[in-house]
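# Structural overview
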There are 2 protein chains.
Amino acid sequence: MVRGVSVVLAVAVLCGRAWAGGLVGDVANYRSVHEREIVDRLATLTAMRSVAADPRGLGDAAAYLQHELAARGFKTQVWMAKSGSPGLVFGSLRVKGAARTAVFYAHYDGQPVTPSQWVSGPFAPVLRSGTLDSKPTDIDWKTAPLPFDPQWRLFGRAAADDKSSIVAFLSAFDAMQASGHSPSVNIKVVWEGEEEAGSPHIAEILHDHVKDLAADVWFIGDGPVHQSRQQTLYFGARGSVGVEATVYGPVRALHDGHYGNWVPNPAAMAAGLIASLRDDDGHILIPGFGDDVRPLNDAEKKAVAALPPVEDALKQQFGIGRSEGSEGLTASTLRPAMNIRGIRSGQVGAEAANAIPVDATISIDFRLVPNQTPAHVRERVEAFLTAKGWTIVHSDPDAATRTAHARIVKLDWEGAGYPGLRSDMASPAAQATIRAASDAAGKPVAILPTMGGSVPIYLFDQAFHVPIIGLPITNHDNNQHAANENLRLQNLWDGIATYAALMTELRW
Amino acid sequence: MVRGVSVVLAVAVLCGRAWAGGLVGDVANYRSVHEREIVDRLATLTAMRSVAADPRGLGDAAAYLQHELAARGFKTQVWMAKSGSPGLVFGSLRVKGAARTAVFYAHYDGQPVTPSQWVSGPFAPVLRSGTLDSKPTDIDWKTAPLPFDPQWRLFGRAAADDKSSIVAFLSAFDAMQASGHSPSVNIKVVWEGEEEAGSPHIAEILHDHVKDLAADVWFIGDGPVHQSRQQTLYFGARGSVGVEATVYGPVRALHDGHYGNWVPNPAAMAAGLIASLRDDDGHILIPGFGDDVRPLNDAEKKAVAALPPVEDALKQQFGIGRSEGSEGLTASTLRPAMNIRGIRSGQVGAEAANAIPVDATISIDFRLVPNQTPAHVRERVEAFLTAKGWTIVHSDPDAATRTAHARIVKLDWEGAGYPGLRSDMASPAAQATIRAASDAAGKPVAILPTMGGSVPIYLFDQAFHVPIIGLPITNHDNNQHAANENLRLQNLWDGIATYAALMTELRW
C-alpha cells in the first residue's frame with residue numbers, strides 16, 4: 001500500500017496536475033497499479049487482425065469484446081447487416097436510478113496495412129520508449145517495473161485508432177467499480193467493425209436498432225486529441241466527398257520535340273485546373289462553394305481562441321516553413337478544404353521520356369463544414385468547370401468525344417460522400433460533458449467546434465437527434481492510418497480518467 | 001524487261017508523280033526490282049541489337065556497316081573515344097573531279113526497348129500490311145510478289161530511327177552505280193552508335209578527326225518527314241535542357257482532415273508553379289525567357305507558309321479537340337516550349353489516401369530555339385522562381401532549411417543541355433540541296449526552318465562551320481522511341497531517291 005501511494009503521487013507529478021482526490025484520485029490509483037494489465041489488454045486487442053478485409057480477424061475481435069462486456073455485467077449482442085457485414089458489438093448496462101443514457105461509440109477495425117513499411121509487425125505490438133524518431137528502445141511490458149513511463153508508446157495497427165478508446169472504456173469501468181463508484185447514467189456501447197472501410201452498413205444497423213440505441217448523448221471515441229496533448233472534446237467533424245479527375249492529352253504519348261507547343265499537354269492542363277480551383281492558402285475559388293457555410297457562433301469562436309498555440313511546434317515537427325492561411329490550425333480546419341491526395345501524369349526521374357503524356361489524373365478530397373452538402377459541392381464544382389470551358393464526362397471519352405471538345409475532364413465521384421456536423425455546445429448534455437471532462441483533467445479541456453478529420457457522425461445525429469460529442473484520447477502524432485501507428489501511454493491514462501468521469505459524474 | 005517497265009510505271013503512279021526519266025527513273029527502276037533485297041537488308045540491320053546498353057550488339061552492327069561500306073569501295077574506319085565508346089563508323093569515297101564533299105550522318109543505335117510492350121520482338125523484324133491500328137496482316141517478304149505495297153511497314157527497334165537512313169544510303173549508292181551514274185561530290189559517311197544515349201562522345205570524336213571530316217555540307221539522316229508525307233529537308237533543330245523540380249510538403253504524409261488547409265499541399269504548390277511558368281497555349285510566362293529568340297526571316301516564313309496543312313488530320317489521329325496556339329503545328333514548334341514530361345505526388349486511384357503528400361516532383365524539358373542558350377534559360381527560370389517567392393536548392397533540403405523557408409523548390413538540371421540551330425537556307429549548298437531533292441521528288445520538298453525535335457547538330461555546326469541540313473526519311477507515325485517502331489516502305493523508296501539525287505546531282 002505504501003508503494004501504491006507513492007506511485008500515485010509520482011504519476012500525479014508526472015501528469016503535471018494537482019492531486020484531486022475522490023473519483024479522479026481513485027481512478028488514478030487503480031490505474032497506476034494496473035498499468036501492466038491495461039497495456040496487456042491493449043496489446044491483446046491490437047494483435048487481433050481486425051481489418052475489414054479479414055473477416056476472421058474481425059470475428060475474433062468481436063467475440064473477445066463481447067466477452068469483455070459480458071464479464072462486466074453488460075447485456076451484449078453482435079449485430080450485422082442483412083446482407084452480411086462485420087459484427088457491430090452492442091452492450092447495455094441499466095443503472096438503477098439513472099435518468100440519462102450515454103452511448104460510447106468506437107470502432108475496433110483498423111486501416112489496412114503495408115507490413116513492409118512497418119518497423120515491427122503491425123499485429124505484433126511492441127512497446128517502445130518513445131517515437132521512432134527518438135531512436136527508442138524496446139520495452140518488455142511483462143517485466144518492466146511500475147509505474148511505466150507515460151511517454152512510452154505501444155506500436156501496432158489500431159493500437160491508437162480506435163482500440164485505445166475501447167481499452168480506456170473497459171479500464172475506466174474496472175477502476176470505477178474497484179473503487180466503489182457507481183455509474184450516474186445508463187451505459188450503452190457501440191463498437192463498429194468497419195469504420196475504416198467507410199461504415200457501409202452502419203446506417204442500416206442503426207435503423208434496425210433505433211429502440212435499443214435510445215439515449216441522451218453519444219460519445220464518439222475516435223480521432224486524436226489536440227496537438228497540445230490536452231484532453232479534448234469535439235462537437236462535430238468535417239464531412240467528406242472525393243473525386244478523381246482525369247484530363248486528356250493525345251491518345252498515345254507523342255514526342256514532345258515534334259509536337260510540344262501544339263498537342264495539348266495534359267499535365268499542364270491538370271496544373272491549370274488545380275490552380276483555378278484553389279489558391280495558395282487553400283481557399284476554394286469556386287463561386288458559391290461556401291454559400292452554405294454556417295458561421296461560427298460566439299461560443300465556438302471563444303473555444304477556438306482558448307486553444308493553446310501549437311502552430312510553431314508543429315511547423316518544426318512537420319518541417320514546414322509556412323502554413324496555408326494565417327488564422328491558426330484549428331481555425332483553418334473549420335473552413336472547407338480541397339486536398340490534392342495525388343497527381344499522376346507521364347513519368348518522372350530516370351523513367352521520364354521526352355513525351356507529351358496521354359493523360360493526367362488528380363485525386364481530390366473535399367472536406368465539408370456545416371451546412372454544406374456533398375450534392376451542393378458536386379453541383380458547384382461541375383458548374384465551375386463547365387464555366388471554365390471544360391466538358392465534363394463521367395466515363396472514358398470515345399474518339400468522337402475526344403476530338404469534339406477542346407478540354408475534357410472525367411470526374412469519378414467516390415460515392416455520395418457525407419456532410420459535416422457541428423453539435424450545439426450549449427446543450428445541457430454538452431455542458432455537463434465539458435464539466436465532467438474538465439473535472440477529470442483538473443483544468444479546462446480543449447474544445448473543438450469540429451474536428452478537422454471526417455467521421456460520419458452525421459448518421460448518429462440524423463438517426464437520434466441527440467448531442468453527438470467527440471471523445472478522442474489518442475495522441476495527435478500516432479501515425480494514424482499510416483505505418484507504425486502508436487498510442488502514447490499518457491494519452492491512455494488521460495482517457496481512462498475521462499471515461500470514468502463520463503460514466504460516473506455526468507448529470508444534467 | 002517488259003515486266004520491269006510495267007513495274008516502274010506502276011510505282012510512278014503509286015507515288016503520284018510524273019515519270020521523270022534520267023536518274024530518278026533509273027533509281028526507281030533499280031529499286032523496284034530490288035525491293036526484296038532492300039527490305040532484307042533493313043531487316044538484317046534491324047535484327048542487330050544495337051542499343052547503347054549492349055556493347056556486343058553495337059560491335060556487330062558496326063562491323064556489318066564497315067563491311068557494307070568497304071564492299072562499295074569506301075575507305076573505312078571505326079573511331080572510338082579515348083575512354084571507350086561505341087564505335088563511330090566512318091567511310092570516305094573520293095570522287096575524281098568532284099570539288100565538293102558531302103557528309104552523310106545517321107545513327108545505327110536505337111532506343112532501349114520494353115519487349116512486353118511490343119506486338120512482336122523488337123529485334124525480330126516483321127513486315128505488316130499497315131499500321132497496328134489497321135489490323136494488318138503479316139507479310140513474308142522472302143516470298144511476297146514484287147512490287148511490294150508501299151504502305152507495308154517493317155516493325156522493329158530502329159527500323160525507322162535511323163537504320164532506314166543507312167539502308168536508304170546504301171541502296172541509293174547501289175542504284176546509282178548499277179545505272180551508270182557517278183557521284184557529283186566526294187562522299188563521307190558518319191554512322192554514330194550512341195545517339196540515343198545522348199551522344200556523350202561525339203564532340204570528342206569529331207574533335208579528334210576534324211581533318212578526316214573536312215566537308216562542304218553535312219546531311220543529318222535523322223528524324224521524321226513532314227506529316228503530309230512529303231520528302232522533307234530541315235535546316236536546324238530545337239535545343240533542349242531538362243530539369244526536375246521537387247516541392248515540399250510535410251516531412252511525413254499527414255491526415256488531410258486534421259491538417260488540410262493549414263499544412264501546405266505540395267501537389268497544389270506544384271500546380272501553381274507550373275501554371276505560373278506556362279499558359280494554356282504553351283507560351284512561357286517567364287520574363288526575358290524569349291529575349292534571345294531570333295525571329296524567322298522572310299524565306300523561313302515563306303517555307304512554313306508553303307507547308308501543306310496537316311493539323312485537322314493530326315487532331316483526328318491524336319484524339320485531340322484543340323491545339324496549343326492557333327498558328328499551326330510547324331509555327332508552334334518554332335517557338336520555345338516547356339513540356340511537362342510527368343508529375344508525381346501522393347497517390348491516385350485505389351491507392352489514394354486521405355493525406356497531404358510529402359512532396360511533388362515535376363519533370364520538365366525545355367525546347368530551345370536559336371539563339372537561346374541552356375545557360376540563359378536556366379538563369380531566367382531560377383530568377384523567375386526566386387522573384388515568385390521560391391527558395392531554390394539543388395540538393396535535398398535539411399530540416400533547418402525546410403522550416404526556414406516558406407516555399408522551397410529543388411531543381412535538378414539534367415546536364416548542360418544544348419542549344420538549337422537554324423542554318424542559313426539561302427547558302428549555295430542549301431539551295432543546291434533543295435534543288436536536287438525537289439528534282440528527285442518531282443515537286444518542291446517540305447522545308448522546315450527547324451525540326452521540332454532536338455538533335456545535337458549544333459556540334460557539327462560548331463566543329464565545322466558548314467551548312468548542316470536535315471535529311472529525314474522515316475514516316476512521322478513511326479512510333480519513334482516507343483514500342484512497335486516501324487518504317488513505311490514508301491518512305492524508304494522516297495529516301496532512296498533523295499539520297500541518290502544528293503550523291504549525283506549536288507552541284508554549286
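Structural notes, computed from the coordinates. (Residues numbered from 1 in each chain as written. Chains lettered and ligands numbered in written order. Predicted model: local features only at pLDDT ≥ 70, side-chain atom pairs only at ≥ 80, totals over all residues. Heavy atoms only, no water.)

Once chain A is rotated about the relating axis by 180° and shifted along it by 0.1 Å, it coincides with chain B to within an RMSD of 0.2 Å. As the rotation angle and translation indicate, the two copies are arranged about a two-fold axis. Scanning chain A for the C-alpha nearest the rotation axis identifies A:A271, at a separation of 2.0 Å. Both copies contact each other with a shared surface, as 100% of the interface residues of chain A are interface residues in chain B too. (Least-squares fit on C-alpha atoms with pLDDT ≥ 70 in both. Contact = heavy atoms within 4.5 Å.)

Hydrogen bonds between backbone atoms are what pair the strands of a sheet, whose relative direction is either parallel or antiparallel. Residues and elements named next belong to chain A. Taken in spatial order, the four strands line up as 5-4-6-21 in an open sheet, and their pairing is antiparallel. Of all strands in the sheet, those bounded by a partner on one side alone are strand 5 (138–139) and strand 21 (486–488). Bridging between strand 4 (residues 126–128) and strand 6 (residues 153–155) involves three bridges; their strand directions are antiparallel. Looking across to strand 6, one finds that L127 is bridged to L154. (Pairing = 2+ DSSP bridges. Helix = DSSP H or I, 4+ residues; strand = E, 2+ residues; numbered from the N terminus.)

Before going further, it helps to spend a moment on the side chain of B:N339. The residue B:N339 is located in strand 13 (residues 337–346) in this model. A distance of 2.8 Å separates a polar atom in the side chain of B:N339 from a polar atom in the side chain of A:N265. Those residues in contact with B:N339, other than ones at most four positions away along the chain, are A:D256, A:N265, A:A355, A:I356, B:S363, B:I364 and B:D365. (Polar contact = N/O pair within 3.5 Å; in protein donor to acceptor, adjacent residues only side chain to side chain.)

Right, let's talk about the packing of aromatic side chains for a bit. All names here are of chain B. In total, this model carries 32 aromatic pairs over all chains according to the counting rule given. For the pair W218 and F460, a centre-to-centre distance of 4.6 Å together with 25° between the ring planes defines the contact as stacked. Of this pair, W218 sits in strand 8 (residues 217–220) while F460 sits in helix 15 (residues 458–464), and the two are 242 residues apart along the sequence. By the burial criterion, W218 is buried, and F460 matches it. When the ring of W218 is compared with that of F464, the centres are 5.1 Å apart and the planes differ by 20°; the resulting orientation is stacked. Of the two residues, W218 is situated in strand 8 and F464 in helix 15; the sequence distance between them amounts to 246 residues. Both residues of the pair, W218 and F464, count as buried. (Phe/Tyr/Trp six-rings, centres within 6.5 Å; stacked < 30°, edge-to-face > 60°. Buried < 20%, exposed > 50% of the residue type's maximum accessible area, 1.4 Å probe, protein only.)

All names here are of chain B. Counting buried residues in strand 15 (residues 359–368) gives nine out of ten residues, a clear majority hidden from the surface. Sheet topology note: the strand 11 (residues 239–248)/strand 15 ladder contains ten bridges and is antiparallel. Opposite G239, over in strand 15, you have L368 as the bridge partner. One ladder, built from eight bridges, connects strand 13 with strand 15; its direction is antiparallel. Paired with R344 across the bridge in strand 15 is T361.

Attention now moves to helix 16 (residues 489–504) of chain B. Taking 1.5 Å of rise per residue, the 16 residues of helix 16 of chain B would be expected to cover 22 Å, and the 23 Å separating its terminal C-alpha atoms lies within 8% of that figure. Of all 16 residues in helix 16 of chain B, 16 are buried, a share of seventy percent or more. (Expected span 1.5 Å × (residues − 1).)

Attention now moves to the pattern of salt bridges. For the structure on display, the rule yields 54 salt bridges over all chains. Ionic pairing is found between B:E37 and B:R41, a salt bridge with its closest N-O pair at 3.7 Å. Of this pair, B:E37 and B:R41 both sit in helix 3 (residues 35–46), four residues apart, which is roughly one turn of that helix. Judged by its relative accessible area of 10%, B:R41 falls in the buried class. If you follow the salt bridges from partner to partner, you end up with A:E37, A:R41, A:E68, A:R72 and A:D174 in one network. (Salt bridge = Lys/Arg side-chain N within 4 Å of Asp/Glu carboxyl O.)

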